[in-house]
Every structure is written in C-alpha cells, then in structure tokens.
Amino acid sequence: MEKSFEVAIIGASLAGASLALHLQRAGISCLLTDKHTFPRRKACGEALSILGIRELEELGLGSELRALPHAPFAGFHFLEKGKARAELLPLPQGWGHGIGVQRFHLDQLLLNKFRSARPGLFFSGKQELIKERADGSFIIHTEKGEFKSRYLALATGSSSRLPLVLGVPVRERSRARSALCLALRIDPLKLPPVVTLYLDGNLQACCTPVDKEQLNISILASSGRCRELGKSEFPYLLQNILRALELEAELCEEPLAVSDIGCFHRSALTRNIFVVGDALDQLDPIGRMGMAQALISARITGKTLHKMLRGTEAEAMAARTGHRRNLRSALRMLNGYTRLSYLCLANRLSQPFLGRFKAGALAREMLLKMHDLPRSSSTSMISSMLVNLAGRL
C-alpha cells in the first residue's frame, strides 16, 4: 500500500470526494479518508442548484448524475403559517433551476468515480492523530497505518473539532442554529415540482422533491426549538407542514439532526492546510446553495493545489496568495443569493421575517428608484443586481 501522498484529504463526502477527483484528474496523488463507513445517510437539504450541476458536469459526471434517482424542481414557493402561498423571487438570469437528489446517492457516485481511477487511495477509518512536521508536511496516523502528505485538506463538515485542533482560525458570524432532516414517502402523482419554504415564526422547513415518490423536509430552527421538536412538538409541526402542502405522507427513515449551522467562517488556507465545504463556510439552507458551495470550493482548492504542486515557483506563490480572494469572491455570490432569498421574504411577507434584513429591503427600494423600475419588477435582472449587493451586506 502506498504510504506517501502529495495531498491528504480528511472527509470523503461531497467536498472531499470532489476535491479528490479534481486532483486525480490533474495527476496529483491523494489520500482520501473518512471516519464514517460509506455509503451512509447524511443530514442535508438535498437540493442541487444549476451551479452544482455544472460543477459535476465539469468533472465528467453529468450523465451519471442524471441516471441517479432524482426530481427536477422548476422554482420556489413559500408558505407562511396560516397565510396564502406566494412565489419566491426568481433565480438570477442564467442560473436556471435544479434537481433534488438524495445525498446518499450523490456521495456514492463521487466515491465510485474516485475509486475507479488512479492515482489515489480511499479508505474508511478513524484518524487517530495528525502531526504537522517542521517542514510543513503531515503525518496521518490511522487504523490502516501511517501516511505522509505534503498538504492537508479538511472537508470534515461544520461540527468537526479537527480544524480547531490544527490551529485553523475561525471567525464567529452569527448564533448557531440546528436542523432536523426527514425523508417522506408520498404519492408520485402529488409530488410538488417546486422547492417549498414553510415558515412558522423563527422556524423554517425547506421541502425538496428528491425522487419520484420521496420528499426531503429540512427543518431549521434554534437549538432550543429543535430540542422541543424532538420531545413533543414534532408530530404536530409535521402535520401542519403536510396540510399546508396539501399532501399525505409517511416517514421513510428516522430523522437526522445536525447542529451549528451558519455560525462561522474558517480561514481557507492556513500554512499548508486547506479547508473546503461546510468546514469552511456553511450556508443557510434557505438559499439552496449548500451543495454548490461544497463543489465550488473544492474546484477552486483543486486548481490552487495544482499550481502549487505543478507550477513554477512564481505560479505557486501567486496561487497561494490569490486562493483566499478567489474563494471569498465565490462565497460572496452564494451568500448573496442566500441573503437575497431572505430579502425577498422580508419584502413579500406582511411582517419582516428577520429584522437584520430590513436594510436589504431598503437597498432593494433604492435600486428600483435608481433604475426607474416599478415596484413589481421582481425579475431576473433585479435579482442579478441584488445578488452582488446582498453579498456585501
């Protein structure tokens, strides 16, 4: 078994596996390892935007993706408890629509692709210890033995303590929230062709069709509210959501919980340690851009590593210097659409959904006046303008 690699990737889910594929295509040897056994279920909203689809197509996985069980969605709706249905602001021009696909299938697709080619090694098993050597390289002690790598990439998700242990700087951004993900079986003839956002106070439930007869419901709320759901409120809430969607359904599997959503941003590059996916910056699920963020951050990191390992000394230095800037630009766009989604909610609902987005609603009014557009101009053109603005709020 090979023991020395150019890059070691810890975490083999969407971000880690796609980064491994980018490196593999560039001829860079990499170790891909995860403490979990695959295939596995993972808490996820399971909505893949057109941006995420394009990233997978760039990896040569377009046809394989479409062969997976999936459900296309043609737009977005939101429902506020006790009020009529309304439509969300459309995606910016050229962004198109997306598909709902089970994370179980998507992770397995990427891993199978990586395993079928060289160079690279994948295995499941706990990383007992990671040591950083004086020359900046790493020793990874695992159940399978000891491995060496020149660079380390962390794709360990939002709740992992490994970045903290390795000294990766983190900036707190907002109060952490928690999520509960459900898989429901419904009548195929009644499967909604849209992603629906159900609002109940400070609780959101994102409902995404993911198969011919399956619906994913991701409930996002404060940690305290999620604990209440787990005790007694959950059946009542689920009944309300299904009644609002005009659906009858039954649970397919046990709900999955995840915590610490959207509360931090970590440094993308610290010494020779790269951070990708949710471990870097976790987007609020309302924007439906989480999986796209994982894939985009992996692609940008792969290009940086390729230049640092295969380029000239000047190219390697420029790649290292520009890495944070390139990632920041991409994340600003994705965060911009997420905040734009909130801005739309605050503008459409009778009461502002969250007070911190009142400034965004005022910015929208200013843009409409500056460009002499009517208030009803909820068009892709305005969306594109606002994405750039919202990313800087």
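Residues numbered from 1 in each chain as written. Predicted model: local features only at pLDDT ≥ 70, side-chain atom pairs only at ≥ 80, totals over all residues. Heavy atoms only, no water.

(A) Examining the packing of helix 1 (residues 14-25) against helix 7 (residues 290-310) more closely. Across the interface, helix 1 lies against helix 7 with an axial gap of 8 Å and an inter-helix angle of 35°. The way helix 1 lies across helix 7 gives a crossing that is right-handed. Taking contact as the criterion, the partners of Leu 14, Ala 15, Ser 18, Leu 19, His 22 and Leu 23 in helix 1 are, on helix 7, Met 291, Ala 294, Leu 295, Ala 298, Arg 299, Thr 301, Gly 302 and Leu 305. Taken together, the residues of the contact of helix 1 with helix 7 sort by class into nine nonpolar, four polar and one charged. (Axes fitted to C-alpha atoms, helices over the stretch in contact; angles between N-to-C directions. Helix = DSSP H or I, 4+ residues; strand = E, 2+ residues; numbered from the N terminus. Left-handed = near helix turned anticlockwise from the far one by under 90°. Contact = heavy atoms within 4.5 Å. Nonpolar A, V, L, I, M, F, W, Y, C, P; charged D, E, K, R; others polar.)

(B) Structural view of the pattern of salt bridges. This model, assessed by the stated rule, comprises seven salt bridges. Asp 107 is paired through a salt bridge with Arg 103; the nearest N and O atoms lie 3.1 Å apart. Taken together, the positions of Asp 107 and Arg 103, both in helix 4 (residues 103-115) and four residues apart, correspond to about one turn of that helix. Of the charged contacts in the structure, one is a salt bridge between Glu 132 and Arg 271, with a shortest N-O distance of 2.9 Å. Taken together, the positions of Glu 132 in strand 9 (residues 127-132) and Arg 271 in the loop between strand 20 (269-270) and strand 21 (273-275) put the pair 139 residues apart, joining distant regions of the chain. For Glu 132, a relative accessible area of 34% translates into the label partly exposed. Its relative accessible area of 38% is what places Arg 271 among the partly exposed residues. (Salt bridge = Lys/Arg side-chain N within 4 Å of Asp/Glu carboxyl O. Buried < 20%, exposed > 50% of the residue type's maximum accessible area, 1.4 Å probe, protein only.)

(C) Here's a closer look at the packing of helix 1 against helix 4. The contact between helix 1 and helix 4 brings their axes to 9 Å, and the two run at 25°. In terms of orientation, helix 1 and helix 4 fall into the roughly parallel class. In the packing of helix 1 onto helix 4, the handedness of the crossing is left-handed. In contact with Leu 14, Ala 17, Ser 18, Ala 20, Leu 21 and Gln 24 of helix 1, helix 4 contributes Arg 103, Leu 106, Asp 107, Leu 110, Lys 113 and Phe 114. Taken together, the residues of the contact of helix 1 with helix 4 sort by class into seven nonpolar, two polar and three charged. (Parallel < 35°, antiparallel > 145°, perpendicular 65-115°, else oblique.)

(D) Spotlight on the nonpolar core. Val 7, Ile 9, Leu 32, Leu 48, Leu 106 and Leu 152 are the most contacted members of the largest nonpolar core, which has 75 residues in total. For this core, the leading source of residues is helix 7, giving 10 residues. Each residue touching Val 7, except ones within four places of it in the same chain, is listed here: Leu 23, Ile 28, Ser 29, Cys 30, Leu 31, Ser 149, Tyr 151, Ala 153, Leu 305 and Leu 309. (Core = buried A, V, L, I, M, F, W, Y, C linked by side-chain atoms within 4.5 Å.)

(E) Geometry of the environment of Ile 139. Note that Ile 139 resides in strand 10 (residues 138-142). Residue classification places Ile 139 among the buried positions, given a relative accessible area of 9%. Linking Ile 139 and Leu 152, residues 13 residues apart in sequence, is a C-alpha distance of 9.8 Å. Residue contacts for Ile 139: discarding those within four places in its chain leaves Leu 129, Ile 130, Lys 131, Arg 133, Glu 146, Phe 147 and Lys 148.

(F) Layout of unusual backbone geometry. Phi is positive for Glu 46, close to 65°, though the residue is something other than glycine. Here Glu 46 lies in the loop between strand 2 (30-34) and strand 3 (47-48). Overall, Glu 46 belongs to the buried group, its relative accessible area being 9%. Notably, Arg 271 is not glycine yet its phi reads approximately 55°, a positive angle.

(G) Summary view of the sheet that holds strand 3. Read from one edge to the other, the open sheet built from three strands follows the order 3-7-4, with strand pairing classed as antiparallel. Only two strands of the sheet have a single neighbouring strand rather than two, namely strand 3 and strand 4 (70-73). With two bridges joining them, strand 3 and strand 7 (residues 98-101) adopt antiparallel strand pairing. Among the inter-strand pairings, Leu 48 is bridged to a residue of strand 7, identified as Ile 99. (Pairing = 2+ DSSP bridges.)

(H) Summary view of the pairing of strand 11 (residues 145-154). Where strand 1 (residues 4-10) meets strand 11, six bridges bridge the pair, whose relative direction is parallel. Across the sheet, Val 7 pairs through a bridge with Tyr 151, a residue of strand 11. Here strand 10 folds back onto strand 11 in antiparallel fashion, the turn holding two residues. Looking at chain direction, strand 11 and strand 21 are connected through three bridges and run parallel. Paired with Ala 153 across the strands is Phe 274, a residue of strand 21.

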